[in-house]
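Working through the structure, step by step
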Amino acid sequence: MSAQNDQNFEDFLKKTKKSGRTKWIVVGLIAAFFAALIFVSIDWVFGALVHTRKEVTVPDITKKSITQALDMLAANNLAIKQAGVEFAQNVPPGSVLRQLPSAGSTVREGRVIRVWISQGDEMVFVPNTVGTDLRSAQLAVRQAGLLVDKVDNAYSLTYEKGLIVAQTPKADSMVQKGEKVSLVLSNGAPPASVVLVPNFKSKKLAEATLWASSQNINLIIKEDASSVFPNGTIAEQRPAADSQIAPGTNLEVIVSRRQTANDEKTYHLHYEMPQGKNASRVRVTVEDATGDNEILNETKQPGSKIDLEIPYTDQAAVRVFVDGILVRERELQ
């Protein structure tokens, strides 16, 4: 009798376990059914909302300012999102360069229109090619993102044959990327029939007077009492050095006539250009109580020497730049 009872109890446990598993299966099926029902309902609601939105045509907002683009899109119940910025010619900075979807596309209200904003023309610095050979000059121009327009020839007292004597635009000026650069190539020293103007800047007036007399050139002398150059030296000249000039024409020089006090200080600057293949642009500035003044800005050949007498007030600083790089600085007391 006891064995029979044990068997009945085991059968009962098995039925109970099967009944529990069945219960959880049923619960799981019911939960899955309701989840699917909720998903289908939400999808149907959102789909209904989207499809009830009116279709509109995307306006052309390219070359429009951001403010104008916002107004045009808002009028059609469309939104805007910046996707990036790019350099572009002929499209003002801050204007729409490209858009997606494109103008004329049909979309529903509320659609986000992605736009790329123009940064305007890309600006680059013009390299200094004066004093270099033609191949190096062309390479420097191309590396700067510019184009060589034309190459002319001219005689020069300063640069030997085959070197660049001038360029347009000038070195270190900022221009649009892709701009054209014109070069002038030296034919070397001129024949006796061609007269070129020497470089008289920082030279004594007597030197220019002697040369003008020997070449039958009319020397026009102007004075500048506020010049930073030492008294009696030439600060500017017109025409510039290496310009061709004919007998009987004028050479104008501006001579420093700064008022000097008995206790005025001067500094003798001596600088030798390093040896190398190419010429370099040299700038000499002096910063004192009168401000930051440029004393020299010329292209110099390798190995050439610079000697300048620089007047200054108290607490001055003399700086020498070669191709834009500070190579010497001297504090003066």
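Up top you'll find the structure we're talking about.
Definitions and limits used
Residues numbered from 1 in each chain as written. Predicted model: local features only at pLDDT ≥ 70, side-chain atom pairs only at ≥ 80, totals over all residues. Heavy atoms only, no water. Helix = DSSP H or I, 4+ residues; strand = E, 2+ residues; numbered from the N terminus. Buried < 20%, exposed > 50% of the residue type's maximum accessible area, 1.4 Å probe, protein only. Areas by Shrake-Rupley, 256 points an atom, 1.4 Å probe, with all protein chains shown as cover. Patch = residues over 30% accessible without salt bridge, like charges linked within 9 Å, V, L, I, M, F, W, Y side chains within 5 Å. Salt bridge = Lys/Arg side-chain N within 4 Å of Asp/Glu carboxyl O. Pairing = 2+ DSSP bridges. Axes fitted to C-alpha atoms, helices over the stretch in contact; angles between N-to-C directions. Arc of directions from axis to C-beta. Contact = heavy atoms within 4.5 Å. Polar contact = N/O pair within 3.5 Å; in protein donor to acceptor, adjacent residues only side chain to side chain. 1 Å grid on protein atoms, 1.4 Å probe; cavity = no way out; pocket = protein on both sides within 12 Å on 5 of 7 lines; lining within 4 Å. Points joined across faces, edges and corners; volume = space filled by probe spheres on them. Nonpolar A, V, L, I, M, F, W, Y, C, P; charged D, E, K, R; others polar.

Brief notes about the overall build of the chain
Across its full length, the chain carries 4 helices and 19 strands. The buried share of the chain, reckoned over its 333 residues, is 32%. Roughly 20,400 Å² of accessible area belongs to the chain as shown, and the carbon and sulfur atoms make up 54% of that amount.

Looking at a nonpolar patch on the surface
On the surface, a cluster of nonpolar side chains totalling about 320 Å² of accessible area is made up of Met123, Phe125 and Met174. Turning to its location among the elements, Met123 is positioned in strand β6 (residues 123-125). A residue is classified by how much of its surface remains accessible, and Met123, at 40% relative accessible area, is partly exposed.

Considering the pattern of salt bridges
When charged atoms on two side chains of opposite charge get close, those side chains can pair. Enumeration over the complete set of coordinates arrives at 12 salt bridges. Of the charged contacts, one joins Glu252 and Arg238 as a salt bridge, the two residues approaching to 2.4 Å between their closest N and O atoms. Residue Glu252 is located in strand β13 (residues 250-256), and its partner Arg238 is located in strand β12 (residues 234-238); the two are separated by 14 residues in the primary sequence. Its relative accessible area of 17% is what places Glu252 among the buried residues.

Notes on the sheet that holds strand β10 (residues 180-186)
With respect to topology, 3 strands assemble into an open sheet ordered β7-β10-β8, the strand pairing being mixed. For this open sheet the edge positions go to β7 (147-154) and β8 (164-168), each flanked by a neighbour on one side alone. Each adjacent strand pair in this sheet contributes to an overall mean axis angle of 20°, direction not counted. By the bridge criterion, 4 bridges tie β8 to β10 in an arrangement that is antiparallel. Each residue of the ladder has a partner; that of Ile164, found in β10, is Leu185.

Let's talk about the side chain of Ser182
Its place among the elements puts Ser182 in strand β10. A relative accessible area of 17% places Ser182 in the buried class.

Re helix α4 (residues 205-214)
If you check which residues of α4 are buried, you get Leu205, Ala208, Trp211 and Ala212. Buried residues of α4, viewed axially, fall in a sector of 130°; they line one side. Facing away from the buried side of α4 by more than 90 degrees, the exposed set consists of Ala206, Leu210, Ser213 and Ser214. Count one or two residues on from α4 and you reach Asn216, which has phi positive near 55°.

Overview of the sheet that holds strand β11 (residues 218-224)
On the basis of which strands lie adjacent, the open sheet formed by 3 strands has the order β11-β13-β12 and mixed pairing. In this open sheet, the two edge strands, each paired with only one partner strand, are β11 and β12. Sheet twist, expressed as the average angle between the axes of neighbouring strands with direction ignored, equals 20°. Sheet analysis places β11 next to β13, joined by 7 bridges and oriented parallel. Its bridge partner being in β13, Lys222 is matched across the sheet by Ile254. In the packing of α4 onto the sheet, the strands contacted are β11, β12 and β13, and the crossing angle to β11 comes to about 160°.

Examining helix α3 (residues 134-143)
Residue Asp133 occupies the N-cap position of α3, its side-chain oxygen lying 3.2 Å from the main-chain nitrogen of Arg135. Just downstream of α3 lies Gly145, where phi reads positive at about 80°.

With respect to the layout of surface pockets
Computed from the structure, the largest pocket encloses a volume of approximately 1,200 Å³. Those elements that place two or more of their residues in the lining of the largest pocket are β8, β12, β15 (280-288) and β16 (291-300). Grouping the constituent residues of the lining of the largest pocket by class yields 17 nonpolar, 8 polar and 11 charged. When its volume is computed, the second largest pocket comes out at roughly 180 Å³. Lining the second largest pocket are Asn199, Lys201, Ser202, Lys203, Leu296, Glu298, Lys300, Lys305, Ile306, Asp307 and Leu308. Taken together, the elements giving at least two residues each to the lining of the second largest pocket come down to β16 and β17 (305-312). No other element matches β17, which puts 4 residues into the lining of the second largest pocket. Tallied by class, the residues present in the lining of the second largest pocket amount to 3 nonpolar, 2 polar and 6 charged.

A word on the environment of Gln237
With respect to the helices and strands, Gln237 occurs in strand β12. Residue class for Gln237 comes out buried when judged on its relative accessible area of 13%. Taking C-alpha positions, Gln237 is 9.5 Å from Ile221, a pair spaced 16 residues apart along the chain. Beyond its immediate stretch of four places on either side in the chain, Gln237 contacts Val197, Pro198, Asn199, Phe200, Lys201, Glu252 and Val253. Among the polar contacts made by the side chain of Gln237, one reaches the main-chain carbonyl oxygen of Pro198 at a distance of 3.1 Å. Of the polar contacts made by the side chain of Gln237, one reaches the backbone oxygen of Pro239; its length is 3.3 Å.

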